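# Fold and geometry: a report
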Amino acid sequence: MFKILAHPYSLRLKNIRSSRLLNHKREGALLRFSFPDGSSGYSDLHPWEEFGDLSLDQEIELLKSGRPTALGFRALQLAAKDAEFRRQGVNALEGLTVPKSHFLLSGDEHKDHKLLETIANSGFDTLKIKAGSALDFLDELVGALKHHPFKIRIDFNERLDAGSLPDALNRLKPLEEKIDFLEDPTRFDREMWIKAMERSRIPFAKDMRLEEAFSDKSIPILVMKPAKQNEEMFLQEMHPEQKVVVTSYLGHPLGQVQAAYVAGVMQKSIPLETAGLKSHHQYETDAFSERLGPLSPHFQAPAGTGWGFDDLLPKLSWS
């Protein structure tokens, strides 16, 4: 068996207006696993109760009792991989090609033209935007982004109802050539999605309850989250014509490194789309996020073995 110690953390969003869709303070825990062979490995556990995960305490308790959820089991798997790299004395991202990332806008940042210029000048060519059910917000996006060169991804988290989808697509028509995809616009309805994509010529991406669209080439894009999904199983289940976007779980910087590692491993087998691995810019800077480097779509691996942060992790309080 293994022993688990935890270090709870809080991440605070820079843009308090993001709390319209996300809690202003995000809670999670870094976990340190001690394995029978004497090795230790770290992983990030960052549940989203809003989207069906259990509470942090419940996730940890089930993990310790040997009955982990998918989130807890992946934390164990990724910690074991980290321990393996630490035993070998190598960085997990060494020799891997990690796909570039989009920039995630939150709150009303789409209105900040200076920020958009900074993002573009830093090399980002793709934006991801969290949207809700308010259709007027889509009008704002059109007005703010129609003259910018970015490709645009809009994530609705299933907040649109079926009846409002045609109106939403109509409002987005001025951005049609710029839209990379719409993620989970409504609760999944295969026939409705296919018809809407044919009418609008805008691709849809599936993230929530991903198993509903595995092996279905009519659903063109799958969003893979290494915090919950195993890359080997994912590659086996998906249709060869489906495209894949790998994203972090919007958690701790260590969790972002884990996601970047999985993306690099997957890219050895299939070409990946622009990813969503650099979410630390959403939060106030700390010692860990500083190690991920300046604003850039390219992932910078923190120095050290495994997931890195060798000098920071031992200084944390573990219990």
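Anyway, here's the lowdown on the structure attached to this text. (Residues numbered from 1 in each chain as written. Predicted model: local features only at pLDDT ≥ 70, side-chain atom pairs only at ≥ 80, totals over all residues. Heavy atoms only, no water.)

This model, assessed by the stated rule, comprises 27 salt bridges. Lys-195 is paired through a salt bridge with Glu-191; the nearest N and O atoms lie 3.1 Å apart. Within this pair, Lys-195 and its partner Glu-191 are both found in helix H6 (residues 190-200), separated by 4 residues, close to a single helical turn. What emerges from the salt-bridge pattern is a single network uniting Glu-158, Arg-187, Lys-206, Arg-209 and Glu-212. (Salt bridge = Lys/Arg side-chain N within 4 Å of Asp/Glu carboxyl O. Helix = DSSP H or I, 4+ residues; strand = E, 2+ residues; numbered from the N terminus.)

This part covers unusual backbone geometry. The backbone of Arg-201 shows a phi angle near 60°, a positive value even though the residue is not glycine. Position of Arg-201 relative to the elements: it lies in the loop between H6 and strand E8 (204-206). Arg-201 gets classed as exposed once you look at its relative accessible area, which sits at 59%. Positive phi outside glycine occurs at Arg-209, with the angle close to 45°. With respect to the secondary-structure elements, Arg-209 resides in the loop between E8 and strand E9 (221-224). (Buried < 20%, exposed > 50% of the residue type's maximum accessible area, 1.4 Å probe, protein only.)

Time to look at the pairing of strand E3 (residues 40-45). Here is the key point about a regular strand: its side chains alternate between the two faces of the sheet. For E3, a buried count of 5 out of 6 residues is recorded, marking the element as mostly surrounded by other parts of the structure. Strand direction decides the pairing type here: strand E2 (residues 25-34) and E3, joined by 6 bridges, are antiparallel. Paired with Phe-33 across the strands is Gly-41, a residue of E3. Counting the residues that bridge the hairpin from E2 to E3 gives 5 residues, and of these Gly-38 lies at a positive phi of roughly 90°. (Pairing = 2+ DSSP bridges.)

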